[in-house]
Structure formats: structure tokens, C-alpha cells
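# Topology and contacts: notes
The residues making up each chain are set out below.
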Amino acid sequence: MTQEILKSLKAAIWFMFLTFPIMVIKVNTVYKTIEWRWMNMVFIGVGIFVGSFVWRWLLNRKDNPTVKKDHVPVSTRIQSYLAENPMAKRALQGVLLAALLCFPIFMNAYQINIFTVALMYIILGLGLNIVVGLAGLLDLGYVAFYAVGAYTYALLNTNFGMSFWVVLPIGGALAAIFGILLGFPVLRLRGDYLAIVTLGFGEIIRLVLENWNDFSHGPSGIAGIDKPDFFGLELSLNQMTDAIYYMMVAFTIITIFFVGRLQNSRIGRAWLALREDEIACQAMGIGRTRTKLMAFALGATWAGLMGVVFAAKTSFINPASFTFLESAIILSIVVLGGMGSIPGVILGALIMILLPEYMRSFSEYRMIIFGGAMVLMMVFRPQGLVSNFRRKYSFHGVDERLGG
Amino acid sequence: MDYFLELFLGGLTRGSIYALIALGYTMVYGIVQLINFAHGEIYMIGAFTALIVASVLTILGLNSVAILVIATAAAIVYSSAYGYTVEKIAYKPLRNAPRLSPLISAIGMSIFLQNYVLLAQTSDFLPFPRLIPEFAFMEPVSHIFSSAELVIVATTMIVMVLLTLFIKFTNIGKAMRATAQDKTMALLIGIDVDRVISVTFIIGSSLAALGGVLIANHIGQINFYIGFIAGIKAFTAAVLGGIGSIPGAVLGALILGWTESFATGYVSSDYEDVFAFALLVLILIFRPAGLLGKAETKKV
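Residues numbered from 1 in each chain as written. Chains lettered and ligands numbered in written order. Predicted model: local features only at pLDDT ≥ 70, side-chain atom pairs only at ≥ 80, totals over all residues. Heavy atoms only, no water.

### Re the packing of aromatic side chains
For the structure shown, the criterion picks out 31 aromatic pairs over all chains. For the ring pair A:W55 and A:F380, a centre distance of 5.1 Å and an interplane angle of 80 degrees mean the geometry is edge-to-face. Of this pair, A:W55 sits in helix α3 (residues 38-63) while A:F380 sits in helix α17 (residues 366-380), and the two are 325 residues apart along the sequence. The exposure class assigned to A:W55 is partly exposed, which follows from its relative accessible area of 22%. Each ring, one from A:F145 and one from A:F201, has its centre 5.9 Å from the other, and the planes form 40 degrees; the classification is tilted. You can see A:F145 sitting in helix α7 (residues 142-160) and its partner A:F201 sitting in helix α9 (residues 191-211), a full 56 residues away along the chain. The two residues A:F145 and A:F201 agree in class, both being buried. One aromatic cluster is present, formed by B:Y3, B:F4, B:F8, B:W258, B:F262 and B:Y266 through successive ring pairs. The cationic tip of A:R56 hangs over the ring face of A:F53; the distance from NZ or CZ to the ring centre is 5.4 Å. (Phe/Tyr/Trp six-rings, centres within 6.5 Å; stacked < 30°, edge-to-face > 60°. Helix = DSSP H or I, 4+ residues; strand = E, 2+ residues; numbered from the N terminus. Buried < 20%, exposed > 50% of the residue type's maximum accessible area, 1.4 Å probe, protein only. Lys NZ or Arg CZ within 6 Å of the ring centre and 35° of its normal.)

### Here we look at unusual backbone geometry
Backbone geometry places A:S315, a non-glycine residue, at a positive phi of 55 degrees. As for its placement among the helices and strands, A:S315 is situated in the loop between α14 (288-314) and β4 (316-317). Looking at A:S315, the relative accessible area reads 22%, which means it is partly exposed. Positive phi, normally seen in glycine, also occurs at B:Q33, with a value near 50 degrees. When its relative accessible area of 37% is taken as the criterion, B:Q33 is described as partly exposed.

### Concerning the domain arrangement of chain A
By domain assignment, chain A separates into domain 1 (2-63), domain 2 (74-106) and domain 3 (109-380). Its C-alpha centre places domain 1 of chain A at a distance of 44 Å from the equivalent point of domain 2 of chain A. (Domains from an automatic or database assignment.)

### Considering the environment of A:D214
Residue and element names in this part refer to chain A. Tracing the backbone through its elements, the reader meets D214 in helix α10 (residues 213-216). Residue D214 is classed as exposed on the basis of its relative accessible area, which comes to 74%. Separated by 105 residues in the primary sequence, D214 and P319 place their C-alpha atoms 14 Å from one another.

### Description of the nonpolar core
Counting 221 residues, the largest nonpolar core has A:L138 and B:F37 as the members making the most contacts within it. Examining the composition of this core, we find that 16 residues originate from one element, helix α6 (residues 109-134) of chain A, more than from any other. No fewer than three residues from each of domain 1 (2-63) and domain 3 (109-380) of chain A sit in this core. Those residues in contact with B:F37, other than ones at most four positions away along the chain, are A:L140, A:I196, A:L199, A:F324, B:Y25, B:Y91, B:A106, B:I107, B:S110 and B:I232. Core analysis: the next-biggest nonpolar cluster, separate from the first, contains seven residues, B:M138, B:I144, B:F145 and B:V153 among them. (Core = buried A, V, L, I, M, F, W, Y, C linked by side-chain atoms within 4.5 Å. Contact = heavy atoms within 4.5 Å.)

Next comes the structure, spelled out in C-alpha cells:
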């Protein structure tokens, strides 16, 4: 025990040293004054002292699991129960759907807006999940496709007056084409190179949008984009908020359905196989290029669609909405929720978007918490909050059913 | 001709800075096969530490050479300490995890460190004091090549030579090369691999800190975000030269520096970063192993 305390004490002193210049000293170079914030050092010391106990305890627990081998985590148990009882699954889906549909009746426009954004991120997360979670290709430039969709609608609408519903498929298709364009040259690369190239690609798109004034109006962005039109109805601002919300609910359901089906389809299995072992996969006759391109294209399509929705919803866009940070947020939704798991991604998006919204006073700490959570998640729970569940088909022998 | 020479020397200066940062990437990658995404942030923390220490000392009224030495030393000490700690927290527990996990952890660390500096200090650009004095003998050429640039290029060259000697001839250098070749075998012959990895991170981080101080001094302002772009570019340089190869990193950094310098000088300065990224994409398409790297064939 004394040894443990000593270890924590050492860690606390180390971190107090480490954070000293940045956390304690603050120099105002204009007025030539130094502010010494010794309280921060005390916080760090106490925080690290306590935290290092937790850290070691968690590491220890991870290395020597005390739980039994056949212990099934709660999330998996719920999922397998639902998979085996379609009635319960239908009932749960019904309740959730009813709650989603009734939501605008009880809530004000502000809340509905936040929820609409959360739904958008669910779809973005599910789209990225195809690329990262299923196919195992780390894409750090996902926001580029989002930007492609948004600018497609913004430009086509402001220049040619094309309507939302016409541009929606165009935006998706264009994003898919960009996905293939990016995917084609980089597919030969190993995982970590791929990550950097996609990151570079995302930055190129943003920089081009920022600098090509004649095309994209540069950093000042494009304003006055039309809201989506719903059967030519004249809608007030509040009704429009509701309408977009319902549209997003519909989109979300379609996406969940589509991605769920995709996961268990031939191509979905090919992605999983490719993620696990590329060489074995090719030996089995799965075309690597084709399969990976499909993942890129399909993932990008969703980003493109959401880009169109985003442009229509905010009616103003500029390159500042499409920074690497946005890619990082979507990626952390996927990682936090659980790569490859649809309920995981939904939960991840709700946590990442709703939590900061409802903790306004906390919002400046949002990114630092995201970053920290990504590290902690990888160290202690790499499978995410909801571990990916695949339905198991098992053969129980002939006599069990037929009675021998 | 003067313009050409100016661009050439500007590119050389840029390339030298990229080389200092790229070495950290390439050494770490050579040993643990990890893109240390937080490396750019280590460089940024080095620059910030130097700025803070230099500002405090300026207010206390020291002379500029003493400030330069102390601030640089502080930056190197702190950056190494951060590099060491980041490795222990974010990478060491993941040593046997799938490849994607440490990479995501590294991205998380990078976001964390950026926002840590943002919250603890400021999001504004801070002016960085000019610490490197103007040398009298540089007077005739100072319009194309400043003293600060000379210091950058010279420092980089000296550091490269020292690093090469260190890796070639010291025991820990030999252990590093052995670990890079085969980690399991290195363990078997009694090399403390954990220690080698720590030393690699410390060396890489100190080089990044040196680069941070030099560039901040040259450009004259820093903020919490400088590590991101610099990190990406240095990584590009490392990949260009062939990641894992030390001379490759230097070569790649110089080529990148010149590309940017000439492209902004003769084509357009708006797309400075685009050129770097485009170069990265092109290299990876046509020569994924880099200029001096060895193509890796996976055996089944």
C-alpha cells in the first residue's frame, strides 16, 4: 500500500513539474506582467494523485480480468436478446419511433434544432462507420465529402436555383465520385499512410474552397441558400424546423435500415473479412480494390447527402465548417460508440452532440474531453461503449429438435 | 538570380526545420511502427515553453544570449518530458493492440494537447521575441539570407551529424537499430526495449523542441495550432524520404522545403499547404516506400 501511495506521489510530482510552465505561468507580453497561477498546480497534483490510483487499477483490471470467461457484457446481452426475440425488438423500435415523432410536440424550436443536429451526426457517424468500422480504413478526411455535398447544393441553388430534392441525389453522387477519386490512388497504402493521405485530402479540399474565390466565394462563404421545400407548402420558421426534423428522422431510419442490411450482405461480410486479413481475403477471391472502393464510395455518399442537408438547414456555409476538427468529432463518435456497431454509433453521436449542448458552461472543455476520451477509450475499452454484436448461428445437433 | 537564390535559401531554411521535426516521426516509426500524431503538438509545446520562459526572463531583465540558451534548454527538457509521458500514457498500454488503436489514441492525444495549451494559455497568436542576434558578418547578404536563417541551417546540420554519430556508435544507438530491425530478437539478446522506445521518444521530442524554438524565433509568432500543420508537413517529409530512414527524412524535408518555397515564389502563395499535401499524395501513389525507403513485402 505504501508503495502504491509512493507511486501516485511520484506521478503527481512528475505531472506538477510537467504542467508547470503552461498551467502555472501566464505572461502578458504587452503589459509585461506575469501571472502565477499556483492553484492550478495544486489541482493537477491532487487530480493526478487520485487519478493515478484509478489508472493503475484499471490497467491492472484490464491485464488480469477477474470476470469469468463466459461473462457476457450487458450491451451484448441486450443485443442478443433482441436478436432472438423479434417481438421485443419490434416493440422497442415502436417505442423509440413514437418518442421521436412526438418529440417536437413537447419541445421548443431550440431543442428540436439540437436534436436535428444530433440526427445528422448519427447519419454521418453511420456513414463513416462503413469506412472505419466495417472496412477498417481509417479515414481522417471524411469532412471533405460533407463539404462536397454542402457546396454542391449551395452552388447549384444560388447559381441555378435548383431545388433541394433535385440536388440531394446529385450531392450524394458527387461525394461518392470524390470518394472513388480519393480511394483509387490510395488503396494500395497501408492503414496508417491511408489515414494521413485522407487527412491531406480533407485539408486540400478545405484550402481550395478557402482560396478559390471565383468558385466558392472564399472564406466569406455562401449565404442565402434556400431551405428545403416540402411539397410547395408555405412554412413558418417553426414549422420549417419541425419539417426538417421529421425529414431527418426519416433519413435516419432509412440509413439505419440500409446500413444494417449492408452489414449482413455479401459486400458487408467482404469488408469485415478484408479488415481482419487482407491476404487471406484476396486468396478467398474477394477483389480488394473493388471492395475498398465500395466502402469509400458508400461512406462518402452519406457525407454528401448530409452536406446537402446541412447547407439547406443553415442556409449559410463557409469553409470554416469543414475543418479537421469536424472529421475528428465524427471519428470519435464512431470510436466512442464502438466501431462497427450501429447502436454504438447512435449512442456515440447522442453523447458527443447532446452532452456538450446541455452542458453549456462546460462547452470550452468539449474538445479536450473528446481528445482525452479517445485516448482512454483506446487504452481501456478499444471496442467502444457498445461492442459490435454479430448474430451467431449455432448448430445444436439433430436430435435436439427432432427428438432423435 | 537574386530572387531564385532567396527562394532557394528560404526553402533550405524551411527544409531544415521540417527535417528536425521529421526525424522524430521517422525514428519513432522505425522502432514502434506508429505514426506519432502528437509529435506536432510536442513541437508546439516546445515553442510555447520557450516563449513563456523567454518572456519571464525578459521581464526579469537578462541579456538576450542567456535568455536564448535558457529558453532553448527549457523547451528541450519540457518537450522530452512530454514526449516521454505521452508514450507512457497513450502508446505503451497499446503495444500489442491492432494497428488502428494506437493511431486513434495518438490523434486523441494530439487534440488533447492542443486544447490543453488553448485552455491553459490562449487561443491568440503570441509574439515570439527575436532571440537570435543579427551577426555583423552577415550584413552584406542579409537581404536574402538572415542571421536567424543561418542559425537554423547550421544548427540542423550540426544536429544531424551528432545524431548520425549517436546512432552509429553509442550502445543505445546500436540498441535502437537492433530494436528497429527485430523487436523480439532485441529482447532476446537482452536489450531493454521499453527503455529504447523511451529514449527514441525523448530524442525525437528534443529535436522537435529545437525546431519549435528556431521556427518560432524566425516567424515571430506562435499559437496552439502551429503543431498541426507543421506535424503534417514533417510527416510528409518523412514519408517522402522513406519513413524509418534517417537520411531519408532529411532529404525529404529539404525537397519539401524547396517545393514549397519555389511553388509559392513562382506560382501562388495562396496554395502553399496544398502543394505540400499534393506532393504527399503523389509520392504515396507512385513510390509508397519513399525515396530512400525499402519496399516491404509481406510474407505469409
